Amino acid sequence: MKLKGILGLLVLSMSVTVTTASEIKVVAEGEQINFDNRHQPYIDKNNYSYIPLRTVGEILGYEVEWEAPYAHISGVHKGTGENIEVTIGVGEYVMLVDDIIKPVSSPLELINDRTYMQMRLFADVFGYDIDWKDNVININATKTKKMPTTKSVQELADTYEIRVIELVNIERAKAGLEPLKYDEQLAELARIKSQDMVDENYFSHTSPVYGDPFEMMSEFGVDFTRAAENIAMGQKTPEQVMESWMNSQGHKSNIMDENLTHIGVGFADNI
């Protein structure tokens, strides 16, 4: 399948914080989970809630294997009763669910030599409802269906976007830079900009509708201290996009900017 489209990339700097909450209790299927002193039952990082993957997963009946930097989780999906296999890596923005590529908004985190998984992601993948009341996190099986196993057009676009993020972070790693973190607000903004270039038939950093990238981000309520935009058009693969950017001094400088922290990528089809 040929992928033709326009890609917008937006990155910016944001302040981030890490906090721990040792007094939080986690109750799974009515039974409180007892954590040893190597684990925190819950960690709040960058406005995401994380729980220790191996401890929670094994208590809920899953087999969790670690092959750095990847975790392999297998067992029975609590919503459908079907077998499920998941592979997800520390810092990776995609995962495999029954051999189907899925985007990940917040990847695994390695904290104090322990692997933590974003709580809502755990619930969505393995079929749980999570209810947070006072200082107790309740995890209970739900009857929702397992994540879909067929690739829709949107899923293909998601895969394209996530692969570009991977490639950006690979290039940054080569230069000893920190990876850019995925930001859904930026991704949605990048999709709007990409679709705008399709609809208005232009290829430019300045939109006839939204103005320049900084005006657009401000209009959509994005707070930033530093920002940049890369755009591409006509490439068939994410690898071709990255090649074109790395051969462009301006785009390469954006990718290698050590002061940037977050990223969103948007794909729009112009077939």
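The rules behind these values
- Residues numbered from 1 in each chain as written.
- Predicted model: local features only at pLDDT ≥ 70, side-chain atom pairs only at ≥ 80, totals over all residues.
- Heavy atoms only, no water.
- pLDDT = per-residue confidence, 0-100.
- Contact = heavy atoms within 4.5 Å.
- Helix = DSSP H or I, 4+ residues; strand = E, 2+ residues; numbered from the N terminus.
- Buried < 20%, exposed > 50% of the residue type's maximum accessible area, 1.4 Å probe, protein only.
- Polar contact = N/O pair within 3.5 Å; in protein donor to acceptor, adjacent residues only side chain to side chain.
- Pairing = 2+ DSSP bridges.
- Axes fitted to C-alpha atoms, helices over the stretch in contact; angles between N-to-C directions.

**Student:** What exactly am I supposed to notice about the confidence of the model for the protein chain here?
**Tutor:** Caution is warranted with low-pLDDT regions, since their predicted coordinates should not be read in detail. Of the residues in the protein chain, 80% have a pLDDT of 70 or more, and the chain-wide mean is 78. Scored below 50 in pLDDT, residues 1-5 shows 19 contacts in the model against residues more than four places distant or in partner chains. Here residues 145-153 is modelled with pLDDT under 50, and outside its nearest four sequence neighbours on either side it reaches 19 contacts, counting other chains as well.

**Student:** Just to check I follow, could you spell out the environment of Ile263 for this structure?
**Tutor:** Examined against the element boundaries, Ile263 turns out to sit in strand β18 (residues 262-269). As for Ile263 and Val168, which are separated by 95 residues in sequence, their C-alpha atoms are 9.5 Å apart.

**Student:** Which parts of the structure should I look at to understand the side chain of Asp257?
**Tutor:** The topology assignment puts Asp257 in the loop between α7 (249-255) and β18. The exposure class of Asp257 is buried, given its relative accessible area of 12%. Polar contacts involving the side chain of Asp257 include one to the side chain of Arg226, which spans 2.7 Å. From its side chain, Asp257 meets the backbone nitrogen of Asn259 in a polar contact 2.9 Å long. Dropping the residues within four chain positions of it, Asp257 is found in contact with Arg172 and Arg226.

**Student:** Sorry if this is basic, but what is going on with the sheet that holds strand β15 (residues 136-141) here?
**Tutor:** Strand pairs in the sheet, formed through backbone hydrogen bonds, run parallel or antiparallel to each other. Spatially, the four strands line up as an open sheet ordered β4-β3-β15-β14, and their pairing is mixed. The open sheet terminates on both sides in strands that have one partner only, identified here as β4 (31-32) and β14 (128-133). Across six bridges, the pairing between β14 and β15 is antiparallel. The partner of Asp129 across the bridge, within β15, is Asn140. The sheet contacts of helix α2 (residues 119-126) involve β14 and β15, and relative to β14 the element is tilted by about 150°.

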